[in-house]
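Residue-level listing of the chains:
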Amino acid sequence: MQRFSNRLIDLRKERGLTQEDLAKVIQKKRSTVSGYEAEGKEPDLETVCLLAEYFGVSSDYLLGISNYRTHTETVFFNDNVNFKKHFEALPPDLRPVVSQTFDSFYLLLSRDMQLSRPERLLLYRKLFSTVQSLRAEVRKRIEASGGQVSDAAALSELMSLQSELKNNVSAVLDELMQADMEVAFDVKKGIGELSNKSAM
């Protein structure tokens, strides 16, 4: 449990929390948190889940089983084999579609990574998680109906979800365009300042 103790200490300090602060979060005594960190005291499963959720990490990371903070990181680094297998199983005419989609997204993401634009990177995450979560909900409703949405209430609910998806995606795209404008004005301002200095 030494790894758990070290991870807990690191995560607590990252948040700037005292043992007392963390004890309040998990509704335990400060001495219990101290025991987790220094005396090898083992938390119960409910506490592990609560701590993992609070710090935004997987329970495997918290317990020292994995070095990836989230399952998403694990998928990102380890799912290359599965992705390659599915990609190669595609009909040849669909492979360029997938490649070009990845290329487009990679170029967008790569540029904003190089320029260290956190606001843009957060908006990309928001856009794709919005699409993924709402489409997953739509798919779940369709599968629950056996693929035949004939009930008027179910159809109305499905249309409502699709409308929500369109509205949410549109809102995030508006935020991205706003971020573009802010970058453009900052660049223009920077060029203007350089011109003024040159004139002096």
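Keep in mind the model is a prediction, meaning the values are calculated, not measured.

A word on the overall build of the protein chain. For the protein chain, the helix and strand inventory stands at ten helices and zero strands. Each helix (α) and strand (β) of the protein chain, taken in turn from the N terminus, gives the series α-α-α-α-α-α-α-α-α-α. Put simply, the protein chain has 200 residues, and 24% of those count as buried. Of the contacts made within the protein chain by residues no fewer than 6 positions apart, 49% connect residues no fewer than 24 positions apart. Accessible surface, the protein chain: about 14400 Å² in total, of which carbon and sulfur atoms supply 56%.

A few words now on unusual backbone geometry. With phi around 55 degrees, Q27 is a residue other than glycine that occupies positive phi space. Here Q27 shows up in the loop between α2 (19-25) and α3 (30-38). Judged by relative accessible area, which is 71%, Q27 ranks as exposed.

The next point concerns the confidence of the model for the protein chain. Here the protein chain averages 82 in pLDDT, while 87% of its residues score no lower than 70. Within the protein chain, helix α6 (residues 71-78) has the poorest average pLDDT of any element, 64, and α2 the best, 93.

A few words on the side chain of T47. The residue T47 is located in helix α4 (residues 45-55) in this model. On the basis of relative accessible area, T47 is assigned to the buried category, the value being 4%. Setting aside its immediate chain neighbours within four residues, T47 contacts I26, K28 and Y36.

A separate point is the nonpolar core. A general tendency of soluble globular proteins is for nonpolar side chains to be buried together. Of all hydrophobic cores here, the largest spans 16 residues; its most connected members are L8, L22, L51, F55, V57 and L62. Looking at this core, the elements that each hand over two or more residues are α1 (2-14), α2, α3, α4 and α5 (59-62). Discounting chain neighbours no more than four positions away, the residues touching L8 are L22, Y36, E37, L51 and F55. L123, Y124, V138 and A179 belong to the second-largest nonpolar core, a separate cluster that totals twelve residues.

Let us look at the packing of aromatic side chains. Overall, the coordinates contain six aromatic pairs when judged by the stated rule. Between F4 and Y36 the ring centres are 6.1 Å apart and the planes differ by 75 degrees, which places this aromatic pair in the edge-to-face class. You can see F4 sitting in helix α1 and its partner Y36 sitting in helix α3, a full 32 residues away along the chain. Neither residue differs from the other here; F4 and Y36 are each classed as buried. The interplanar angle of 75 degrees and the centroid separation of 5.1 Å between the aromatic rings of Y54 and F55 together place this pair among those described as edge-to-face. Overall, the relative accessible area of 29% leaves Y54 in the partly exposed class. Linked through ring pairs, F83, F87 and F102 together constitute an aromatic cluster. Across the ring face of Y61, the terminal group of R7 is positioned such that the distance to the ring centre comes to 4.0 Å.

Definitions and limits used
Residues numbered from 1 in each chain as written. Predicted model: local features only at pLDDT ≥ 70, side-chain atom pairs only at ≥ 80, totals over all residues. Heavy atoms only, no water. Helix = DSSP H or I, 4+ residues; strand = E, 2+ residues; numbered from the N terminus. Buried < 20%, exposed > 50% of the residue type's maximum accessible area, 1.4 Å probe, protein only. Contact = heavy atoms within 4.5 Å. Areas by Shrake-Rupley, 256 points an atom, 1.4 Å probe, with all protein chains shown as cover. pLDDT = per-residue confidence, 0-100. Core = buried A, V, L, I, M, F, W, Y, C linked by side-chain atoms within 4.5 Å. Phe/Tyr/Trp six-rings, centres within 6.5 Å; stacked < 30°, edge-to-face > 60°. Lys NZ or Arg CZ within 6 Å of the ring centre and 35° of its normal.

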